[in-house]
Every structure is written in C-alpha cells, then in structure tokens.
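Read off the chains here:
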Amino acid sequence: MTAPLPERAALDDVLSRLVRDIPDFPKPGVMFKDISPLLADHDGLTTVVHALASAGRDAEGRTAVDKVVGIEARGFILAAPVALALGAGFVPVRKAGKLPGPVHRVSYALEYGEAVLEVHEDAVAPGERVLVIDDVLATGGTVNAAVELVGSCGGEVAAIAVLLELGFLGGREHLGAAPLLALHTV
Ligand code: AMP
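Just so you know, these numbers come straight off a predicted model, no measurement behind them. (Residues numbered from 1 in each chain as written. Predicted model: local features only at pLDDT ≥ 70, side-chain atom pairs only at ≥ 80, totals over all residues. Heavy atoms only, no water.)

Caption draft 1: Expanded view of unusual backbone geometry. The step from Phe25 to Pro26 runs through a cis peptide bond, and the omega angle for that step is -5 degrees. Along the chain, the position of Pro26 falls in the loop between strand E1 (20–23) and strand E2 (31–34). Residue Ala73 is reached from Glu72 by a cis peptide bond, and omega for that bond is -5 degrees. Among the secondary structure elements, Ala73 is positioned in the loop between strand E3 (67–71) and helix H4 (74–86). Positive phi, normally seen in glycine, also occurs at Asp24, with a value near 60 degrees. Relative to the assigned elements, Asp24 resides in the loop between E1 and E2. (Helix = DSSP H or I, 4+ residues; strand = E, 2+ residues; numbered from the N terminus.)

Caption draft 2: Region of the structure containing the confidence of the model for the protein. With 97% of its residues at a pLDDT of at least 70, the protein reaches an overall mean of 95. Within the protein, the lowest mean pLDDT, 95, falls on helix H1 (residues 8–18), and the highest, 99, falls on E3. (pLDDT = per-residue confidence, 0-100.)

Caption draft 3: View of the packing of helix H3 (residues 42–53) against H4. The interhelical angle for the contact between H3 and H4, taken along N-to-C directions, is 65 degrees, at an axis separation of 9 Å. In the packing of H3 onto H4, the handedness of the crossing is right-handed. Where H3 approaches H4, its residues Leu45, Val49, Leu52 and Ala53 are matched on the opposing element by Leu78, Pro81, Val82, Ala85 and Leu86. Across the contact of H3 with H4, the residue classes break down as 9 nonpolar, no polar and no charged. (Axes fitted to C-alpha atoms, helices over the stretch in contact; angles between N-to-C directions. Left-handed = near helix turned anticlockwise from the far one by under 90°. Contact = heavy atoms within 4.5 Å. Nonpolar A, V, L, I, M, F, W, Y, C, P; charged D, E, K, R; others polar.)

Caption draft 4: Fine view of the site of the ligand. Near the ligand lie 13 residues; those nearest to it are Asp134, Asp135, Thr139, Gly140 and Thr142. At 2.9 Å, a backbone N or O of Met31 approaches a nitrogen atom of the ligand. Between the ligand and Asp135 there is a distance of 2.6 Å, counted from an oxygen atom to a side-chain nitrogen or oxygen. Coverage of the ligand by the protein chains reaches 81% of its 480 Å² of free accessible surface. Given that more than half its atoms are within 2 Å of the pocket grid, the ligand belongs to the largest pocket. Going through the elements one at a time, E2, strand E7 (129–137) and helix H5 (141–153) are the ones with two or more residues in the shell around the ligand. (Near = heavy atom within 4 Å. Polar contact = N/O pair within 3.5 Å; in protein donor to acceptor, adjacent residues only side chain to side chain. Areas by Shrake-Rupley, 256 points an atom, 1.4 Å probe, with all protein chains shown as cover. 1 Å grid on protein atoms, 1.4 Å probe; cavity = no way out; pocket = protein on both sides within 12 Å on 5 of 7 lines; lining within 4 Å. Sits in = over half its atoms within 2 Å of the grid points.)

Caption draft 5: Spotlight on the nonpolar core. By size, the foremost hydrophobic cluster in this structure holds 32 residues, and its most contacted members are Val68, Val82, Leu131, Ile133, Leu163 and Leu183. Mapped onto this core, the elements with two or more residues apiece are H1, H3, H4, E7, strand E8 (156–165) and strand E9 (180–185). Once residues within four sequence positions are removed from consideration, Leu183 is found in contact with Arg8, Leu11, Asp12, Leu15, Val48, Ala51, Leu52, Val162 and Leu163. In terms of nonpolar packing, the next biggest core, distinct from the first, is built from 27 residues, Val106, Ala146, Cys153 and Ala178 among them. (Core = buried A, V, L, I, M, F, W, Y, C linked by side-chain atoms within 4.5 Å. Buried < 20%, exposed > 50% of the residue type's maximum accessible area, 1.4 Å probe, protein only.)

Caption draft 6: Spotlight on the pattern of salt bridges. Tallied over the entire structure, the rule returns 11 salt bridges. For Glu60, the salt bridge goes to Arg62, with nearest N and O atoms at 3.1 Å. The residues Glu60 and Arg62 share a single accessibility class, namely exposed. A salt bridge links Lys67 to Glu128, with the shortest nitrogen-to-oxygen separation between them at 2.8 Å. Within this pair, whereas Lys67 is found in strand E3, its partner Glu128 is found in the loop between strand E6 (114–120) and E7, the two being separated by 61 residues in sequence. By relative accessible area, which is 17% here, Glu128 ends up buried. Residues joined by salt bridges that share partners form a network here, namely Asp58, Glu60 and Arg62. (Salt bridge = Lys/Arg side-chain N within 4 Å of Asp/Glu carboxyl O.)

Pasting the structure below:
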C-alpha cells in the first residue's frame, strides 16, 4: 500500500521543528518527544495527518482499510482525524480497565515492569483490515501489543504508521509482517 507521500524533506522539516525534546521526562534518562507544538500548528498537523493516512491507501489512493486503531493516549489524537480522512472507523486501544464492554487483553514487557492494553472484542470484525497508529515507535512493544489485539478480534493489520521512529532502539525489527511507515526517524 503505497500512495505518494508529501516530500520526505517536508515531513522531516515539520517533525524536526514541531516536536520538542524534553529531557528526563517522565523519568531520568528518557528524552521525551513532545508533540504538543505539532498538535497546536494547523499546517503541521494537517501535513502529518495526511501523511499518516497514506499508509491506509492503495497505490491508486483508494482507502484500503476498514478501521484505524489509535493507541492511548497520543495515538487517539492522530488516529481519529486519519480515520476521517480515510472514511474509515476509529478504534481505541486503551490501558487496562478503561473500556466498559467485553475486551481482549494483552500484557507486554516494558523496560521496567509490564503494561496491559485492551480493545473491545467487537471493535474490529473478523476479516477487517486495520491501520494501527501511534505517535512514537520506541522498542516496538506497544505497537506489537496493539497488533496482537487486532489479531485477537480476527482483523488483519494492513499497515502501521507512526510520526517518529527512535531508530537506535531497533523497534522496527520486532514488528511482524505489516509494513511500517515512520514519517521521521531519529
Ligand atoms: P515502545 O513500546 O517502547 O515502542 O514505546 C512506545 C510508546 O511509548 C508509545 O505509545 C509512545 O507514546 C511512548 N514513548 C516511548 N518512548 C517515548 C519517547 N522517547 N517520547 C515520547 N513517547 C515515548
């Protein structure tokens, strides 16, 4: 699924200008990628939403997914407008205990401890094609958990798209078969 992307140089410019580094957040040693300036910039946000949506289109530019999954919390902000741009439905993947209905659940390892993500069992119908969206790909554990949840519903992950890939962490190597679109790699 490849539709023309805005110029790679334009994306690099937008993302390097409008994502700021916050050292030692949320804990010492982490360089947090804060997308707040990007969200507050209409042109920048429009550029990245259209670029992320391209991961859900075929080579002719037609929508090739039924659902767009956003991962709590910043993934929600990006995935909802991408779903609208594609004419697809939006599905939240949430942290434990937030979704009211019956859920599929997956636990995965974090650097310290473990995390749990959930999705409503009926959020993705069997055979539906899904685009998974998050803001940052670090080790890949979070995106992998979302991919597993889509599979638990019987859906097929057609593509994964993120704003930023922290290339030095090698998360890309741990993802499955679905193609990964990273708008900017650091
Ligand atoms: P990982 O599971 O290691 O790929 O981590 C990805 C998840 O953690 C995403 O939902 C990100 O929002 C968040 N995350 C990890 N590292 C960072 C970072 N340096 N800056 C901002 N968010 C991060």
